Amino acid sequence: MAVRPILTAPDPRLKAVSTEVETVDEALRALIDDMAESMYAADGIGLAAIQIGVPKRVIVMDLDQKSGKKNPRAFVNPRIVWASEETATFEEGCLSVPEIWEDVARPAHIRAEYLDREGVQQSLEADGLLATCLQHEMDHLEGVLFIDHISKLKRSMALRKLAKAKRLKETG
Ligand code: NI
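Structural notes on unusual backbone geometry
What you tend to see is this: most non-glycine residues have negative phi, and most peptide bonds are trans.
At step 1: Residues alanine 9 and proline 10 are joined by a peptide bond in cis, for which omega reads 5 degrees.
At step 2: Relative to the helices and strands, proline 10 resides in the segment before helix H1 (26-41).
At step 3: Although it is not a glycine, aspartate 43 sits at a positive phi angle of roughly 60 degrees.
At step 4: Inspection of the secondary structure puts aspartate 43 in the loop between H1 and strand S1 (46-48).
At step 5: In this structure aspartate 43 comes out as exposed when scored by relative accessible area, which is 71%.
At step 6: The phi dihedral of asparagine 77 falls on the positive side, at around 50 degrees, and the residue is not glycine.

As structure tokens, this is what we get:
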């Protein structure tokens, strides 16, 4: 396993549409393990493969880290098969958009289908943080960042703040 660097906006690779995984094999499980390790190293709760530069439809997530035990979940080729009209608003952040937090409204309840790390078909009903996090990560598979959901003004302010932080890091 290895910690891999996480791409940050405006890296154009984050705009790529990821492709379906054809086979869940040892190579894919190695990718999943690297993703989990990279997510934990960066103190994140979710990560899509494209965030480490791999354009495949793979997500890892762990929402229970506060209890101290690591329990990473993998979602391969996830699809949302139903979403509620009711929305919920959470303040979101993203490892690829560091230091920026903004409210985003998304469907409050979803039903999703995916393959697990063994390649077994699974389905899931989710609400709360799990629903939001899954939708946020699935956006990455389409090349969409959470700041694409906020107003143009807020987005350009966020990107400017990010660029400034990057410059400070490079010079300082
Ligand atoms: Ni993200």
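Text resumes after the structure shown.
Quick notes on the coordination of the nickel ion
At step 1: The coordination sphere of the nickel ion, as far as protein atoms go, consists of Cys94 (SG), His136 (NE2) and His140 (NE2), spread over 2.1 to 2.3 Å.
At step 2: Considered as a linear motif, the donors of the nickel ion on their single chain read C-x41-H-x3-H. With cysteine 94 in strand S4 (residues 87-94) and histidine 136 in helix H2 (residues 128-141), this residue pair connects regions lying 42 residues apart in the sequence.
At step 3: You can call histidine 136 buried: its relative accessible area is 5%.

Cut-offs used in this document
Residues numbered from 1 in each chain as written. Predicted model: local features only at pLDDT ≥ 70, side-chain atom pairs only at ≥ 80, totals over all residues. Heavy atoms only, no water. Helix = DSSP H or I, 4+ residues; strand = E, 2+ residues; numbered from the N terminus. Buried < 20%, exposed > 50% of the residue type's maximum accessible area, 1.4 Å probe, protein only. Donors = N, O, S within 2.8 Å, 3.2 Å for Na, K, Ca; no water.

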